[in-house]
Amino acid sequence: MSRIDTLLSPFPRASLLSQPTPLERLNRLSQELGLDLWIKRDDLTGLSFGGNKTRQLEFYIGAALAARADTILITGAVQSNFTRTAAAAAAKYGMQAVLQREERVPGMDPLYHRSGNVFLADILGADIMSYPEGEDEAGADAALEARAEQLRAAGRTPYIIPLGLGHPPLGALGYVRGGAELAAQIGCFDAAVVPSGSGATHGGFLTGVRLAGITAPVYGICVRRDARQQKARLEQVTAELARLMNIPRPFSGGGILTWDGALAPGYGRAGGTARAALQSMAAAEGILLDPVYSAKTFAGLLGLLEQGIIRKGQKVLLLHTGGLPALFAYQNALGFGSGAGAP
Ligand SMILES: *Cc1c(COP(=O)(O)O)cnc(C)c1O
């Protein structure tokens, strides 16, 4: 068993990924950008359109099964990929899912409230509740706890996947595993670019690749908060993760890199740079990105290249975290799909 397998072995894991996700070279974009550019296809994790939450859920569902839970409770934005994937994972293991929706992106059109992940969660048979605030992690967690209490009184066994910090970051373990999986596929690289939202993906990935011996910079592209706030969040997530795994954190605070040049106009809104990045990936490689996360992550890579932080000739890894159902919910917001071709 590898050292990372040994470190992860105390944590129960429910199998949701059947095999390593593909690592592909982006030949046309490499040539266009003067890079040796690779993409890790975690949009292809399989379960209900896939994405990064499948890796995170392996450890949450593992813990829920160990606790003999029959109901999973989770909070997310209206177009949350996490809640949709949790509903699928719950179904696979014979549990009910309760999804709490927050209004994090005010002013969106009816398609946003009906299509994409909302539509899929309906098909997957999830129970829905709503929370009126979008920036109150403790309040949303308390509301789930209140629902869990009702379920217990009715003889059920609920398991909460928390939103806020201060809980063992089980989801990040999925990306410790993901980072190690990638390291075995790619060997080495000069820089990696990953999205940074809750921080479970960024923090877990950074920890995983460092444990696998890779010292290259890992840039976390901010999708929710500015670079300074996100770095502080990552400090906490990675410290909690190291504590959970019972190891010293395998990097210093200076190893946490956050970049927010692609964040505007804010969480859940695709501005011109994200839209252009989405279109250029589709046109050059036939690979689809989502408007909330992966398009901004690729826009971040292009921004880092433009600023000379990533340099020509380097071997660069882009982590594709999925999120594709949201494309349909953002059809109007993105302005594609008039039927007349690219606008
Ligand atoms: C949730 C999500 C992210 C952000 O991941 P975190 O672990 O929350 O930082 C990135 N991409 C997609 C598609 C997501 O659904």
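Analysis parameters
- Residues numbered from 1 in each chain as written.
- Predicted model: local features only at pLDDT ≥ 70, side-chain atom pairs only at ≥ 80, totals over all residues.
- Heavy atoms only, no water.
- Axes fitted to C-alpha atoms, helices over the stretch in contact; angles between N-to-C directions.
- Helix = DSSP H or I, 4+ residues; strand = E, 2+ residues; numbered from the N terminus.
- Parallel < 35°, antiparallel > 145°, perpendicular 65-115°, else oblique.
- Left-handed = near helix turned anticlockwise from the far one by under 90°.
- Contact = heavy atoms within 4.5 Å.
- Nonpolar A, V, L, I, M, F, W, Y, C, P; charged D, E, K, R; others polar.
- Near = heavy atom within 4 Å.
- Polar contact = N/O pair within 3.5 Å; in protein donor to acceptor, adjacent residues only side chain to side chain.
- Areas by Shrake-Rupley, 256 points an atom, 1.4 Å probe, with all protein chains shown as cover.
- Domains from an automatic or database assignment.
- Buried area = accessible area lost by both parts, 1.4 Å probe.
- Salt bridge = Lys/Arg side-chain N within 4 Å of Asp/Glu carboxyl O.
- Buried < 20%, exposed > 50% of the residue type's maximum accessible area, 1.4 Å probe, protein only.
- Right-handed = clockwise from strand over helix to strand, strands pointing away.
- Pairing = 2+ DSSP bridges.

Trainee: Teacher, can you tell me more about the packing of helix H9 (residues 200-211) against helix H10 (residues 227-245) here?
Mentor: For any two helices packed against each other, the geometry is given by the interaxial angle and the distance between the axes. Put simply, H9 and H10 touch, their axes get as near as 9 Å, and they point 55° apart. By the angle between their axes, H9 is oblique relative to H10. The way H9 lies across H10 gives a crossing that is right-handed. When H9 is examined against H10, the residues His202, Gly203, Gly204, Thr207 and Leu211 are found in contact with a partner set consisting of Leu234, Thr238, Leu241 and Met245. Class assignment of the residues belonging to the contact of H9 with H10 gives a composition of 4 nonpolar, 5 polar and no charged.

Trainee: What exactly am I supposed to notice about the packing of helix H8 (residues 170-186) against H10 here?
Mentor: H10 packs onto H8 with a crossing angle of 80° between their chain directions and a minimal axis gap of 10 Å. In terms of orientation, H8 and H10 fall into the roughly perpendicular class. Across from Leu170, Ala172, Leu173 and Val176 in H8, the residues of H10 making contact are Leu241, Leu244 and Met245. Split by residue class, the contact of H8 with H10 holds 7 nonpolar, no polar and no charged.

Trainee: Explain the environment of Gly197 to me, please; I cannot follow it from the model alone.
Mentor: Position of Gly197 among the secondary structure elements: in the loop between strand E7 (191-196) and H9. For the pair Gly197 and Gln79, spaced 118 residues apart in the sequence, the C-alpha separation amounts to 14 Å. In contact with Gly197, other than residues within four places in its own chain, are Val223, Arg225, Gln230 and Arg233.

Trainee: I'm lost on the site of the ligand in this one. Help?
Mentor: Taken together, 15 residues sit near the ligand, with Lys53, Gly197, Ser198, Thr201 and Thr321 positioned nearest. At a separation of 2.7 Å, an oxygen atom of the ligand approaches a polar side-chain atom of Thr201. Relative to its unbound accessible surface of 380 Å², the ligand loses 96% to contact with the protein. When residues of the shell around the ligand are traced back to their parent elements, those giving at least two are helix H3 (53-66), E7 and H9. By residue class, the composition of the shell around the ligand is 3 nonpolar, 11 polar and 1 charged.

Trainee: Even after reading the chapter, I still don't get the domain arrangement of the protein, so can you show me in this structure?
Mentor: Where the parts come together, the accessible area they lose is often given as the size of the interface. Domain annotation for the protein reports domain 1 (3-51 + 169-334) and domain 2 (58-161). At the interface, 33 residues of domain 1 touch 34 residues of domain 2. Contact with domain 2 buries area across many residues of domain 1, yet Leu170, Arg224 and Ala329 alone supply 19% of it, more than any other trio. For the pair domain 1 and domain 2, the number of links is 5 salt bridges. Here Arg233 ties to Glu137 by a salt bridge, and the two come within 3.3 Å at their closest N and O atoms. The interface formed by domain 1 and domain 2 contains 13 residue pairs in polar contact (both at pLDDT 80 or more).

Trainee: What's the story with the pairing of strand E4 (residues 96-102) in this structure? I'm lost.
Mentor: Here is the key point about a regular strand: its side chains alternate between the two faces of the sheet. In terms of burial, E4 is largely enclosed, as 6 of its 7 residues are buried. Taken together, strand E3 (residues 71-77), helix H4 (residues 81-92) and E4 constitute a β-α-β crossover, and its handedness is right-handed.

Trainee: I would appreciate a short explanation of the sheet that holds strand E8 (residues 218-222) in the present structure.
Mentor: Within a beta sheet, neighbouring strands are joined by backbone hydrogen bonds and run either parallel or antiparallel to one another. The 6 strands lie next to each other as E1-E2-E10-E7-E8-E9, forming an open sheet whose pairing is mixed. Where the open sheet ends on each side, the last strands, each with one partner, are strand E1 (23-25) and strand E9 (257-259). Going from strand to strand, the sheet's axes swing by 30° on average, the running direction of each strand aside. Of the pairings in the sheet, the one linking E7 to E8 comprises 5 bridges and is parallel in character. The partner of Val193 across the bridge, within E8, is Tyr219.

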